[in-house]
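The primary structure of each chain is shown beneath.
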Amino acid sequence: GLTRTVDGIDVSFDIDIAPGFDGSGTGNVSFGTNGGHTGFLQNIIRGPGFDQVGATTTITFSEGVVNLSFLLGDIDRGFSSFQDQFTVPGFLNGNEVTFEAQAAGSVVQSGDDTFYGTGSAIPSDATGNVVIVFDGLVDEVVIEYSGGPDEPTTAQLGIISDLSFQLSNSVSVLTVGPAG
């Protein structure tokens, strides 16, 4: 794993590859363009596929943060060859927390925390992207990357990008309105 300290909070990234999968390249930072974004964390899986989790990225904060957001990209489907799926539960002290998601193009949301592709996503635009936003406190996010429900995935790429958050003790509220 990799840990960085941001304003006194440790942020850890741990990546696990499931047995039977080849995760070569997973966890590497690419400075190419994908999902309309330049620079991203790769999730590459090669293996038995069909709705099995191939790579799990766990992001852990040493204390709760707010306004955590990130992008999942290149969620698409190549008919008869692959289908991407991400599942994204978030937690605070081991209890699951909710988030808002904005899916673009041909990404389908299934249940509260699962997203899969149904069409092509080209590298130069956002047609296969989902923006995830946790507006309340969160201290762990588990991002599972797998084949989708309709196609066996034997080798494919999904990306994580644009991670941002605020420290829970540094949030302030500014009220704009008439003096009174």
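Here is a short report on the structure shown in this document.

The rules behind these values
Residues numbered from 1 in each chain as written. Predicted model: local features only at pLDDT ≥ 70, side-chain atom pairs only at ≥ 80, totals over all residues. Heavy atoms only, no water. Helix = DSSP H or I, 4+ residues; strand = E, 2+ residues; numbered from the N terminus. Contact = heavy atoms within 4.5 Å. Core = buried A, V, L, I, M, F, W, Y, C linked by side-chain atoms within 4.5 Å. Buried < 20%, exposed > 50% of the residue type's maximum accessible area, 1.4 Å probe, protein only. Polar contact = N/O pair within 3.5 Å; in protein donor to acceptor, adjacent residues only side chain to side chain. Phe/Tyr/Trp six-rings, centres within 6.5 Å; stacked < 30°, edge-to-face > 60°.

**What to know about the environment of L92**
Inference 1: Inspection of the secondary structure puts L92 in strand β8 (residues 90–92).
Inference 2: Between the C-alpha atoms of L92 and G64, which are 28 residues apart in sequence, the distance is 6.9 Å.
Inference 3: Apart from residues lying up to four places away in sequence, L92 is in contact with G64, V97, L137, V138 and D139.

**Notes on the nonpolar core**
Inference 1: Formed by 24 residues in total, the largest nonpolar core has its most connected members in F70, L72 and I143.
Inference 2: Secondary-structure elements contributing two or more residues to this core are β2 (9–17), β5 (53–73), β13 (130–134), β14 (138–147) and β15 (155–167).
Inference 3: If you tally residues by element for this core, the top one is β5, at seven residues.
Inference 4: Residues contacting I143, with those up to four places away along its chain left out, are A55, T56, T57, I59, F70, L72, F86, T87, V88 and I160.

**Describing the side chain of D84**
Inference 1: Here D84 shows up in strand β7 (residues 82–87).
Inference 2: At 2.5 Å, the side chain of D84 forms a polar contact with the side chain of Y145.

**Comments concerning the packing of aromatic side chains**
Inference 1: Inspection of every chain in the model, using the stated rule, returns four aromatic pairs.
Inference 2: When the ring of F61 is compared with that of F165, the centres are 5.0 Å apart and the planes differ by 70 degrees; the resulting orientation is edge-to-face. With a gap of 104 residues between them, F61 in strand β5 and F165 in strand β15 connect regions that are remote in the sequence.
Inference 3: For F61, a relative accessible area of 3% corresponds to the buried category.
Inference 4: A ring pair is formed by F86 and Y145, whose centres lie 4.9 Å apart and whose planes are at 35 degrees; its orientation type is tilted. Of this pair, F86 sits in strand β7 while Y145 sits in strand β14, and the two are 59 residues apart along the sequence. Here the two residues F86 and Y145 agree in accessibility, since each one is buried.
Inference 5: Aromatic rings pair up to connect F99, F115 and F134 into one cluster.

**Here we look at the environment of L71**
Inference 1: Among the structural elements, L71 can be located in strand β5.
Inference 2: Note on L71: relative accessible area 5%, which makes it buried.
Inference 3: The spacing of L71 and I159 is 88 residues in sequence and 7.9 Å in space, taken between C-alpha atoms.

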